[in-house]
Amino acid sequence: MRLDTVIARSVADTRGRATIETTLSAGAGTATASVPSGKSTGSHEACELRDADGSVGRAIGNVNGEIRAALQGCDFASADELDALLVALDGTADKSRLGANALLSVSIAAARLFALSEDVPLWKALAKRAGTLPSAPRLYVNVMNGGAHADFKLPFQEYLLVVEGKTSEALPVAREAFAKLGERLGNVPMGDEGGYAPTFATLAEPFEVLAELVQGFPHASIALDAAASELYHDGRYHLLGKAYSADELATLYGSIATQYPLLSIEDPFAEDALGDFARLTATLGEKLLIIGDDLTVTNPARIHTAIEQKAINAVLVKPNQIGTVREAILAVQTTYAAGWQVVASHRSGETADTFIADFAYGVGAYGLKAGGLGQKERVLKYERLLTIEKEDAAS
Ligand code: PGA
Ligand code: ZN
């Protein structure tokens, strides 16, 4: 495929911050992609290039300048070949020269454009690239926001409702449960990810509320993203005014997992606490998924280290943590080679781009984290899964 044009511009994300959107064209086909942005970012993530004023002018300039000059008018045999060129062009380990956000906007648009030129749905093209079996991910719906996403009104960052099954059956369950929780909580604000942001006096209360909620729904359970790097200061984890050692926190997770229908815990400890992750996985790993996010940052090398240490048994995959679709697929393949699960994830600052739904379905992810149902940009991802279900049934 010969690329004709490469054009980047600025669009606003759900927090009203600037992010990058890129359109590629080849012959009669055009494809556009925009990239999300995190807030509780891991320090080992690829570099999101931002200017001092918070805008993405330099990243856009890199796409419209150097990247355009390298791609426009060139022939590519595959999206993987194009991604490899992007990585080589940047030339740094953390994508800090051109920006992971600049590269990913081009990489996702290219994935779309190639799928279009091959006349296959995006999820199918991704499955082919990854060598994976497509399937409907569990819906990991953010129902209560805490931590950095809600001014730490709740210590843990995300309390999730997980619904299993075909999306056309799971999404109505999630909608009903989300509405019912809203009635139960009353007039509370919304957090960054479109879930409720209530306040509770005890650590147990949110789990009690959710355990009661899921009882009434089929195939529903609870998940937690502790985002514990955000709670870690001076060697201790701080929750509701009390400081916990890693061992005390592990004991707390153990009792939560025994008392409530918990399916997974993401980032239970700080991003470099490999040993604590490994100890928790040894004790709770049979019972639930211990997911790495800030720990592994979608980086195949960090996932390898986690595998060597038996630190976790599932990996959160966020393409913007690494910067190209090709490397996100490599992260998935590395995870599967260890016999672990993949949960695909959006970011807390999102756009209307639904790539992550195609990615989750295409790689046969265990779950898709796409936020709460109180924000359109989140709902679009779940609705894209509905369309994919129909596309898959028709193919
Ligand atoms: P972020 O949060 O997008 O703000 O990093 C999401 C997460 O921690 O999973
Ligand atoms: Zn997380």
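In this text the structure is predicted, and so the values were computed from the model without any measurement.

### Re helix α9 (residues 300–308)
And then number 1: Buried within α9 we find P300, I303 and A306. Each buried residue of α9 lies within a common arc of 115° when the element is viewed along its axis, so the set occupies one face.
And then number 2: Residues of α9 that are buried sit in contact with α8 (274–284), β12 (314–317) and α10 (325–337).
And then number 3: Between the side-chain oxygen at the start of α9 and the backbone nitrogen of A301 there is a gap of 2.9 Å, and the oxygen is on N299.
And then number 4: One or two residues past the end of α9 sits K310, with phi positive at roughly 50°.

### What to know about the nonpolar core
And then number 1: In terms of nonpolar packing, the biggest core is built from 122 residues, with F156, Y237, Y253 and F359 touching the most fellow members.
And then number 2: Apart from the residues within four sequence positions on either side, Y253 is in contact with F156, L224, A226, I265, P268, F269, L280 and L284.
And then number 3: V162, L289, V343 and Y366 belong to the second largest nonpolar core, which has 10 residues in total.

### Side note on the sheet that holds strand β6 (residues 220–225)
And then number 1: In spatial order, the strands read β4-β5-β6-β10-β11-β12-β13-β14; together these eight strands close into a barrel with mixed pairing. On average, adjacent strands in this sheet sit at an angle of 25° to one another, irrespective of strand direction.
And then number 2: Of the strand pairs in this sheet, strand β11 (residues 289–292) and β12 are connected by two bridges, and their pairing is parallel. Paired with I291 across the bridge in β12 is A314.
And then number 3: Packed onto the sheet, α10 meets β12 and β13 (341–345) and runs at close to 155° relative to β13.
And then number 4: In this fold helix α12 (residues 376–394) packs onto β4 (138–145) and β14 (367–371), with an angle of close to 145° to the strand it touches most, β14.

### Observations concerning the pattern of salt bridges
And then number 1: In total, this model carries 25 salt bridges according to the counting rule given.
And then number 2: Of the charged contacts, one joins K369 and E266 as a salt bridge, the two residues approaching to 2.9 Å between their closest N and O atoms. With K369 in strand β14 and E266 in strand β10 (residues 262–266), the pair connects residues that are 103 residues apart, well separated along the chain.
And then number 3: Owing to a relative accessible area of 2%, K369 belongs among the buried residues under this scheme.
And then number 4: Residue D276 is joined to R279 by a salt bridge in which the shortest nitrogen-to-oxygen separation is 2.7 Å. Separated by three residues within a single helix, D276 and R279 lie in helix α8, roughly one turn from each other.
And then number 5: A residue is classified by how much of its surface remains accessible, and D276, at 17% relative accessible area, is buried.
And then number 6: What you see here is one network of salt bridges that share partners, running through E158, D225, E266 and K369.

Thresholds, definitions, all that
- Residues numbered from 1 in each chain as written.
- Chains lettered and ligands numbered in written order.
- Predicted model: local features only at pLDDT ≥ 70, side-chain atom pairs only at ≥ 80, totals over all residues.
- Heavy atoms only, no water.
- Buried < 20%, exposed > 50% of the residue type's maximum accessible area, 1.4 Å probe, protein only.
- Helix = DSSP H or I, 4+ residues; strand = E, 2+ residues; numbered from the N terminus.
- Arc of directions from axis to C-beta.
- Contact = heavy atoms within 4.5 Å.
- Polar contact = N/O pair within 3.5 Å; in protein donor to acceptor, adjacent residues only side chain to side chain.
- Core = buried A, V, L, I, M, F, W, Y, C linked by side-chain atoms within 4.5 Å.
- Pairing = 2+ DSSP bridges.
- Axes fitted to C-alpha atoms, helices over the stretch in contact; angles between N-to-C directions.
- Salt bridge = Lys/Arg side-chain N within 4 Å of Asp/Glu carboxyl O.

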